[in-house]
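Observations on the three-dimensional arrangement
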Amino acid sequence: MLDIFDRLKGMEGPLEQYRQKAEGYFMFPELEGEIGPRMKFHGREVITWSLNNYLGLANHPEVRKADAEAAATWGMAYPMGARMMSGQTKYHKELEERLAKFEKKEAAYLLNYGYQGMVSIIDSLCTRHDVIVYDSESHACIMDGIFLHKAKGGKSFVFPHNDMERAEKMLRFATKQAEENNGGILLITEGVFGMSGDLGNLPGIVALKKQFNFRLMIDDAHGFGTMGKTGAGASEHFGLMNEVDIYFATFAKSMAGIGAFVASDKAVVDSLKYNMRSQIFAKSLPMPMVIGALKRLDILQNRPEIRENLWKIAKALQDGLVAEGFNIGNTQSPVTPVYFSGSVPEGTNIVIDLRENHNVFCSIVVYPVVPKGVLMLRLIPTASHTMKEVNETIDVFKKIKVNLEAGKYISDEMRSMTM
């Protein structure tokens, strides 16, 4: 019989294989200083393009004041216990009511974290008789919820990213399966896909409702606060708020906080409140996070100029990169991927050059997040960035391109392998 610890010592996951060389630099890097466009990395000031702080609220003076006053008034422990037992407050309910109204839904429910919240939503919504249809590029939290569904004996069907022809085919399979099991169908996609930056094909999916009977849930973590006329998200952007049956978003992106929420019909939210294990058996969201979220929501709703500046910065960055010949894919959001072809060692050399010689900090994404042979640098513009920082970064990427074309990021060891 094998000892579990012995197995762990001899087994490495897709990312863990890079641990020895990557930890502390490429993985688990330590950025220091106040959250903002410029921070310190290894003692050097760098322009940071890796923080999901879209609206720049992390260090907004009104937000910091609200956070500090709430912590001083309530402490970090209040309220104690899960919402159902002893963790309910009027402020939690106020935030839910305001979020529901913002998303044009009957009700909303706060979640402690987005990841566990999504897993638990799927678990609570779907029985083993139900069928899930989902986009192939769905976030890991969606995938884990689906794995849990499968563990209960449920069925699922996946369609290639935003491929409506295949989505229709999967819905036909799902309909047959649901009819045989006397179950229902839940289709899950994202509002904004956090790596590629493109939008879920909500118009195409909603059009399929004319042919099939299913409920639509979207994970709009990156769309909430950035997309739509008022910042209500991707469903508002497409004018389909009433067609999205379950709306999910987190506070970890535009709201620069902790927590999440789900919004839907009151009957659905009531059911989730009484059945979501991740909330029933977990401490209530601490008061400073709730009070802070109320302030953040105030700013999000009443300061459109902040979102307008985010888009000004995002457009300038993306247009500048495209003008220099870089491939940013099909992003339709502030998320700005820059794609290269090459090996992981080549990609790491690019990142080292960016950080050590040009003082630009952005994250590298490799397989299994992107296909083998593809490298991606992921840049996240925020409302806090300036045009000066955009222009400096584009100038740096010009130099990177010259080095790429000259093969300067290919090590001697790599050259010998290709000769």
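Residue numbers here run from 1 along each chain, matching the order of that chain's written sequence. Only residues with pLDDT of 70 or above have their local features reported here, since the model is predicted, and side-chain atom pairs are shown and tallied only from 80 upward, although totals for entire chains, interfaces and linings are computed over all residues. Hydrogens and waters are ignored; side-chain quantities use all the structure's heavy atoms.

On to the sheet that holds strand E12 (residues 360-361), then. Note on pairing: two strands pair once DSSP finds at least 2 bridges between them. Secondary structure elements follow DSSP: runs of H or I of four or more residues count as helices, runs of E of two or more count as strands, with numbering from the N terminus. On the basis of which strands lie adjacent, the open sheet formed by four strands has the order E1-E2-E3-E12 and mixed pairing. Each edge of the sheet is formed by a strand with only one pairing partner; in this case those strands are strand E1 (31-32) and E12. As defined by bridge partners, E1 adjoins strand E2 (residues 38-41) across two bridges and the pair is classed as antiparallel. Counted as the bridge partner of Leu 31 is Phe 41 from E2.

Moving on to the sheet that holds strand E13 (residues 363-365). Spatially, three strands are ordered E11-E14-E13 in an open sheet, and the strand pairing comes out antiparallel. Strands with a single pairing partner mark the edges of an open sheet, and in this sheet they are strand E11 (336-341) and E13. If you compare each strand with its neighbour and ignore which way they point, the axes differ by 25 degrees on average. Note that E11 and strand E14 (residues 374-379) share six bridges and pair antiparallel. From the neighbouring strand, Pro 337 faces E14, where its bridge partner is Arg 378. In this analysis, axes come from line fits to C-alpha atoms, helices being fitted only over the stretch in contact, and the angle between any two N-to-C directions falls in the range 0 to 180 degrees.

This part takes up the environment of Phe 5. Relative to the assigned elements, Phe 5 resides in helix H1 (residues 4-10). The spacing of Phe 5 and Asn 302 is 297 residues in sequence and 53 Å in space, taken between C-alpha atoms.

Within this scheme, the nonpolar core is defined by two criteria: the residues are buried Ala, Val, Leu, Ile, Met, Phe, Trp, Tyr or Cys, and they are joined through side-chain atoms within 4.5 Å. Here's how the labels work: a residue is buried when its accessible area is under 20% of the maximum for its type, exposed when over 50%, partly exposed in between, all with a 1.4 Å probe on protein chains only. In terms of nonpolar packing, the biggest core is built from 58 residues, with Leu 95, Leu 99, Phe 214, Phe 224, Phe 251 and Phe 261 touching the most fellow members. If you tally residues by element for this core, the top one is helix H12 (residues 287-302), at eight residues.

A word on the packing of aromatic side chains. Centre distance within 6.5 Å is the pairing criterion for rings of Phe, Tyr and Trp, where only the six-membered ring of Trp is used; planes under 30 degrees apart are then read as stacked, over 60 as edge-to-face, and the remainder as tilted. Taken as a whole and assessed by the stated rule, the structure comprises twelve aromatic pairs. Between Trp 74 and Tyr 78, the ring centres sit 5.0 Å apart and the planes meet at 25 degrees, which makes this aromatic pair stacked. The exposure class of Trp 74 is partly exposed, given its relative accessible area of 31%. On the basis of relative accessible area, Tyr 78 is assigned to the partly exposed category, the value being 37%. Three or more aromatic residues joined by ring pairs form one cluster here, namely Phe 102, Phe 224, Tyr 247, Phe 251 and Phe 261. Charge-over-ring placement is defined geometrically: NZ (Lys) or CZ (Arg) within 6 Å of the ring centre, and within 35 degrees of the ring normal. Lying over the aromatic face of Phe 41, Arg 355 brings its terminal NZ or CZ to 5.3 Å of the ring centre. Sitting over the ring of Phe 361, Arg 355 keeps its end group 3.9 Å from the ring centre.

Let's shift gears to the pairing of strand E9 (residues 246-250). Along E9, five of the five residues are buried, which leaves the element largely enclosed by surrounding structure. Residues Ile 246, Phe 248 and Thr 250 line one face of E9 and the alternating positions Tyr 247 and Ala 249 line the opposite face, and both faces are buried. Pairing analysis gives three bridges linking strand E8 (residues 215-219) to E9, with the strands arranged parallel. Looking at the pairing, Asp 219 lines up with Phe 248 of E9. Two elements, E9 and strand E10 (residues 260-264), share four bridges in a ladder whose sense is antiparallel. Bridge pairing links Phe 248 to Val 262 in E10.

Excluding glycine, residues mostly carry a negative phi; peptide bonds, for their part, are mostly trans. Cis geometry marks the peptide bond from Tyr 78 to Pro 79, where omega comes out at -5 degrees. Here the phi dihedral of His 42 falls at roughly 55 degrees; this positive angle occurs in a residue that is not glycine. Its identity as a non-glycine residue notwithstanding, Asn 182 has a phi of 55 degrees, on the positive side. Mapped onto the elements, Asn 182 comes out in the loop between helix H7 (164-181) and strand E7 (185-190).

The next thing to look at is the environment of Leu 15. Here Leu 15 is to be found in the loop between H1 and helix H2 (19-22). For Leu 15 and Ile 4, which are eleven residues apart along the polypeptide, the C-alpha to C-alpha distance reads 20 Å. Sequence-distant contacts of Leu 15, that is, excluding residues within four places in its chain, are made with Met 27, Tyr 367 and Pro 368. Contacts are assigned to residue pairs that have any heavy atoms within 4.5 Å of one another.

Let us now look at the environment of Phe 340. Here Phe 340 shows up in strand E11. Put simply, Phe 340 and Thr 250 are 90 residues apart on the chain and 30 Å apart in space, counted from C-alpha to C-alpha. Sequence-distant contacts of Phe 340, defined by excluding residues within four places in its chain, comprise Phe 326, Gly 373, Val 374, Leu 375, Leu 377 and Leu 404.

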